Amino acid sequence: MKDQLYIDGAYVACASGEMFDVIDPTDRSVFHRVPAGNTEDIDLAVKAARRAFDEGLWPRMSGAERAAVLRRMGDEIAARTDEIARIEVQDNGKPLPEAVWDIEDTAGVFHFYADLAERFDTEAEQDVVLGMEGFTSKAVKEPVGVAGAIIPWNFPLLMASWKVAPALAAGCTVVLKPSELTPVSALELGGIAERAGLPAGCLNIVTGFGLDAGAPLTEHPMVDKLAFTGSVPTGSRIMATAARDIKTLSLELGGKSPLVVFADTPIDEAVEWILFGIFWNQGEVCSATSRVLIEEDIYEPLMARLVEEAKKIKIGHGLEEGVLLGPLVSPLQHEKVLNWIETGKREARLVTGGGVPEGLEGGCYVEPTIFADMPEDATIWTEEIFGPVVCVKSFRTEEEAVRLANDTRFGLAAAVMSSDLERANRVARAFRAGIVWINCSQPTFTEAPWGGYKQSGIGRELGEWGFNNYLEVKQITTWDRHKPWGWYLKE
Ligand code: NAD
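Residues numbered from 1 in each chain as written. Predicted model: local features only at pLDDT ≥ 70, side-chain atom pairs only at ≥ 80, totals over all residues. Heavy atoms only, no water.

A. Seen up close, the sheet that holds strand β18 (residues 413-417). On the basis of which strands lie adjacent, the open sheet formed by seven strands has the order β14-β15-β16-β13-β12-β18-β19 and mixed pairing. Looking along the sheet, the strands with just one partner apiece sit at the ends: β14 (349-352) and β19 (435-438). Averaged over all pairs of adjacent strands, the angle between strand axes in this sheet comes to 25°, irrespective of strand direction. Examined bridge by bridge, strand β12 (residues 257-261) and strand β13 (residues 289-295) share five bridges and lie parallel to one another. Paired with Val 261 across the two strands is Ile 294, which belongs to β13. Contacts from helix α11 (residues 331-347) reach β14, β15 (369-372) and β16 (389-395), with the element oriented near 25° to β15. (Pairing = 2+ DSSP bridges. Helix = DSSP H or I, 4+ residues; strand = E, 2+ residues; numbered from the N terminus. Axes fitted to C-alpha atoms, helices over the stretch in contact; angles between N-to-C directions. Contact = heavy atoms within 4.5 Å.)

Structure (structure tokens):
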């Protein structure tokens, strides 16, 4: 495991020499220490990225040449899936099969953006039809410049790839600031990039805390674009900072995503997707199905089955066979979620869970937790908890379901289940959310746009949308000197 920053093509100690502990949430032990990067390290990293962009080969290479490097990065990540997945289990707590899924997905993201980089050679320029004779015009896409990427802890390497891969594919250079809670896997990316042939300075990785390393990155005048994934309050602060020198910005923020279940849904299917929606990755998922709306007619039988199945979920160490729920990421997150559960007990009815599982008190574990009888103004119904806690409510009509689903300041994701696909599609279109699932919840695809309405963010990641995040569009217009003009100099 790496214990140095990666700046300008080399692993280096941080300026202050200070290190901080990385905790294994299964037993709260310290399993690694990484550098506490600060303003000085960020400045070195940004200047390296600036030089690599302004003077280096990377933005001037063909897309096919960049694609070859990205493909090799994806290949090495794929080849090291098990090793890196085990780092994620120790750092984040997630069960191994989910961590393996993350790393396979991460490799897939590099391969996907390699393909887009290659296509860029023929698709970067587009003719624009003008409404005036004598001129021709082209829209030319170019890399935006130096990108500052700040990411959260719930899918450590995968979140890094959502920014690093499209940014590099577009020809940008990057400074990545991983979360202080899960910094270990991201540091591996430096060596992976180097072995793949990425020129020095194109990818820089600075571990550290939000205020010490994240804030100076957002404030740095040589950064052209900021890409942030994290909480709404931090996103809002970053947006305010970016406004000072009008940096291009994309924000992927929190959610409180609903799943509406109509009575014509097979109960087993509903139970499967609710459980997956809220309990995979310990519910530490921005798009988690944290609010479930069930049509009155099936409310009782569905709840009974849901509770029965939730109680069967195997909780434990992520490396243990059959475990579906690991510990939360950190002691602080554990405490936060348990506090939310205490609030929930005052606001609604706790149906199951709500505590620390017996025998696992040494780790940051929380039982799968279900609340029902939800008043509309309950804070556990309106605020993001980011843990294995789901709030359930019944509804009578489609209109009521849509109103309740949309009654939130967030708009990241929403889902609807019904055997009537016409109705499901109608509801899908009525949701005010950027990601909508019909008859499922959570499957995420590298090819499809990802991002939120309302306070859940600005812009879209993944797919070609994620690529466009790192591109500027330049208009190049040419006057045909054989055509008449002469505004000042008349014939
Ligand atoms: P967070 O906002 O606390 O931290 C995210 C990152 O920002 C970390 O790297 C942190 O060090 C950094 N940071 C903190 N303060 C900063 C500052 N003042 N300036 C610059 N950087 C700063 O979020 P978190 O707790 O790591 O992640 C959980 C949140 O992320 C949840 O709200 C979740 O919904 C959201 N999330 C959203 C998506 C999405 O795609 N929309 C995906 C994953 C997580």
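B. Representation of the site of the ligand in the model. Inspection of the region around the ligand gives 29 residues, with Ile 151, Lys 177, Glu 180, Ser 231 and Glu 384 positioned closest. Take Glu 180: an N or O atom from its side chain is 2.5 Å from an oxygen atom of the ligand. Contacts to the ligand include Trp 450, whose side-chain N or O atom sits 3.0 Å from an oxygen atom. Starting from 850 Å² of accessible surface for the ligand in isolation, the protein chains cover 91%. Here the ligand occupies the largest pocket. Mapped onto the shell around the ligand, the elements with two or more residues apiece are α7 (210-219), β10 (225-229) and α8 (232-244). (Near = heavy atom within 4 Å. Polar contact = N/O pair within 3.5 Å; in protein donor to acceptor, adjacent residues only side chain to side chain. Areas by Shrake-Rupley, 256 points an atom, 1.4 Å probe, with all protein chains shown as cover. 1 Å grid on protein atoms, 1.4 Å probe; cavity = no way out; pocket = protein on both sides within 12 Å on 5 of 7 lines; lining within 4 Å. Sits in = over half its atoms within 2 Å of the grid points.)

C. The arrangement of the environment of Thr 408 in detail. For Thr 408, the position within the fold is in the loop between α13 (398-406) and β17 (410-411). Taking the C-alpha atoms as reference points, Thr 408 and Glu 219, 189 residues apart in sequence, are found 31 Å from one another. Not counting the four nearest positions on each side in its chain, Thr 408 is found in contact with Lys 256, Arg 291 and Lys 454. Within polar-contact distance, the side chain of Thr 408 engages the backbone nitrogen of Phe 410 at 3.0 Å.

D. Representation of the layout of surface pockets in the model. The calculated volume of the largest pocket comes to roughly 1,200 Å³. If you trace the largest pocket, you find 43 residues lining it, with Trp 153, Gly 230, Ser 231, Thr 234 and Lys 336 closest to the centre. Taken together, the elements giving at least two residues each to the lining of the largest pocket come down to β3 (19-24), α7, β10, α8 and α11. When its residues are assigned to classes, the lining of the largest pocket shows 20 nonpolar, 13 polar and ten charged. Viewed by domain, the lining of the largest pocket spans two of them, domain 1 (5-253 + 456-476) and domain 2 (258-438), each represented by three or more residues. Size it by volume and the second largest pocket reaches roughly 320 Å³. Around the second largest pocket sit 15 residues that line it, and Glu 272, Leu 275, Phe 276, Ile 313 and Leu 324 are the ones nearest its centre. Elements with a contribution of two residues or more to the lining of the second largest pocket: α4 (96-123), α9 (267-279) and α10 (296-312). Both domain 1 (5-253 + 456-476) and domain 2 (258-438) contribute no fewer than three residues apiece to the lining of the second largest pocket. (Points joined across faces, edges and corners; volume = space filled by probe spheres on them. Nonpolar A, V, L, I, M, F, W, Y, C, P; charged D, E, K, R; others polar. Domains from an automatic or database assignment.)

E. Geometry of the state of the cysteines. What the rule picks out here adds up to zero disulfides. Not part of a disulfide, Cys 202 finds its nearest cysteine sulfur in Cys 172, a span of 10 Å. You can call Cys 202 buried: its relative accessible area is 1%. Summary of cysteine pairing: Cys 440 is not part of a disulfide, and the nearest cysteine sulfur, belonging to Cys 286, is at 15 Å. Taking the relative accessible area as the measure of exposure, Cys 440 reaches 16% and is therefore buried. (Disulfide = S-S within 2.5 Å. Buried < 20%, exposed > 50% of the residue type's maximum accessible area, 1.4 Å probe, protein only.)

F. Inspection of the pairing of β12 at higher detail. Across the five residues that make up β12, a large majority, five, are buried. Burial of β12 is two-sided: the residues Ser 257, Leu 259 and Val 261 facing one way and the residues Pro 258 and Val 260 facing the other way are all buried. Regarding the hand of the β-α-β motif, the stretch spanning β12, α9 and β13 is right-handed. By the bridge criterion, three bridges tie β12 to β18 in an arrangement that is parallel. Residue Val 260 lies in a different strand from β18, and its bridge partner there is Val 416. (Right-handed = clockwise from strand over helix to strand, strands pointing away.)

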